[in-house]
Amino acid sequence: MKMVFVADTTLQKYFKERVRENSKDNFKESNAVDGDILLFDYTALQEVNYRSELNGEMHKLEELAIYSKRFATVIVAGCYTNSHGLLRKSTVVADNGKILGVADMIYTQEESDYCGGAHMKVYDTHAGKVGILVAEDIFYPHLAQTLSLCDADYIVCIFEEIIDTLPTLMLRASAFTSGVNIIMRAAGVVQIAAPNGEIIYRTSKKLDSYNLDIRREYQLLTTRGRGYLQHNVKDY
């Protein structure tokens, strides 16, 4: 499966470079990269105001859905959502002309300007089952484990700027404990951690791609415990 990583550009600018419209039915291909799934950082959508979207004053989510249909690709893009003044770090997933959902960061610190979001979800797309972690949620490995148990083929985390070693450390820990590949699309860098905890890919290019091999591998784990007594119960 071919993954394409896009940074430092808006959604509209990227697709205008990909296809230049000469007429309504005639398109000229550009040098942009095709892929099964496109991952954008927070520059792509920036702020999405739900009220403006519903009133027709803003069309970012609509355009995202249209692009996913027109170019037959899954699009995952980071954004900052505004719901009646409540700000959240979010990630939008679109496929086949539809917005499959908007995932919000669940854990927030007390001094943060952002609110915690709602549920977690694995999105069933034509590029596989995609689990979504938003920003600092990568610091909580049990979230990645939950997505893995919900049958995610791989996990995508749209992160902001990496300023120390902690995001990479927790990326590797989350991949190791969940048993699936985790792709982190951060500002200026993309890195992929494998289930063995190793970084198997890293790039700082503004436009790059990687062929991810999806493997559904399982192993039987056993544990020994105390205090579990079995009683023979008679039938009545």
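Look a little higher up for the structure.
Owing to the predicted nature of the structure, the values given are computational and were not obtained by experimental measurement.

Cut-offs used in this document
Residues numbered from 1 in each chain as written. Predicted model: local features only at pLDDT ≥ 70, side-chain atom pairs only at ≥ 80, totals over all residues. Heavy atoms only, no water. Helix = DSSP H or I, 4+ residues; strand = E, 2+ residues; numbered from the N terminus. Buried < 20%, exposed > 50% of the residue type's maximum accessible area, 1.4 Å probe, protein only. Contact = heavy atoms within 4.5 Å. Areas by Shrake-Rupley, 256 points an atom, 1.4 Å probe, with all protein chains shown as cover. Pairing = 2+ DSSP bridges. Right-handed = clockwise from strand over helix to strand, strands pointing away. Core = buried A, V, L, I, M, F, W, Y, C linked by side-chain atoms within 4.5 Å.

## Comments concerning the overall build of the protein chain
- Counting its secondary structure elements, the protein chain contains five helices and 15 strands.
- Burial statistics for the protein chain: of 236 residues in total, 44% are counted as buried.
- Contacts spanning at least 24 positions in sequence make up 60% of the contacts within the protein chain whose residues lie at least 6 apart.
- As presented, the protein chain carries roughly 13700 Å² of accessible surface, and 48% of it is formed by carbon and sulfur atoms.

## With respect to the environment of C115
- Residue placement: C115 occurs in the loop between β8 (98-104) and β9 (122-125).
- When its relative accessible area of 25% is taken as the criterion, C115 is described as partly exposed.
- Along the primary structure C115 and L86 are separated by 29 residues, whereas in three dimensions their C-alpha atoms are 6.6 Å apart.
- With sequence-adjacent residues up to four places away left out, C115 is seen in contact with L86, L87, R88, M105 and T108.

## Let's talk about the pairing of strand β4 (residues 37-40)
- Side chains I37 and L39 project from β4 onto one buried face, and the interleaved L38 and F40 project onto a second face that is buried too.
- Relative to β4, strand β1 (residues 2-6) runs parallel, the two sharing four bridges. Following the sheet pairing, F5 is matched in β4 by L39.
- Pairing analysis gives four bridges linking β4 to strand β6 (residues 74-83), with the strands arranged parallel. When the sheet's bridge partners are listed, F40 is paired in β6 with A77.

## Describing the pairing of strand β11 (residues 154-158)
- The buried count for β11 comes to five of five residues, which makes it a mostly enclosed element.
- The two faces of β11 match: Y154, V156 and I158 on one face and I155 and C157 on the other face are all buried.
- In this sheet, β11 lies alongside strand β10 (residues 128-134) in parallel orientation, the contact comprising five bridges. Its bridge partner being in β11, I132 is matched across the sheet by V156.
- Following the backbone out of β10, through helix α4 (residues 141-149) and into the adjacent parallel β11, one traces a crossover that is right-handed.
- Pairing geometry for β11 and strand β12 (residues 182-186), over four bridges, is parallel.

## Structural notes on the nonpolar core
- If you look at the biggest cluster of nonpolar residues, it comprises 24 residues, and the most contacted ones within it are I37, V76, I132, Y154 and I183.
- When residues of this core are traced back to their parent elements, those giving at least two are β1, β4, β6, β10, β11 and β13 (189-193).
- One finds L11, L38, I75 and A77 within the second-largest nonpolar core, a separate group that totals 19 residues.

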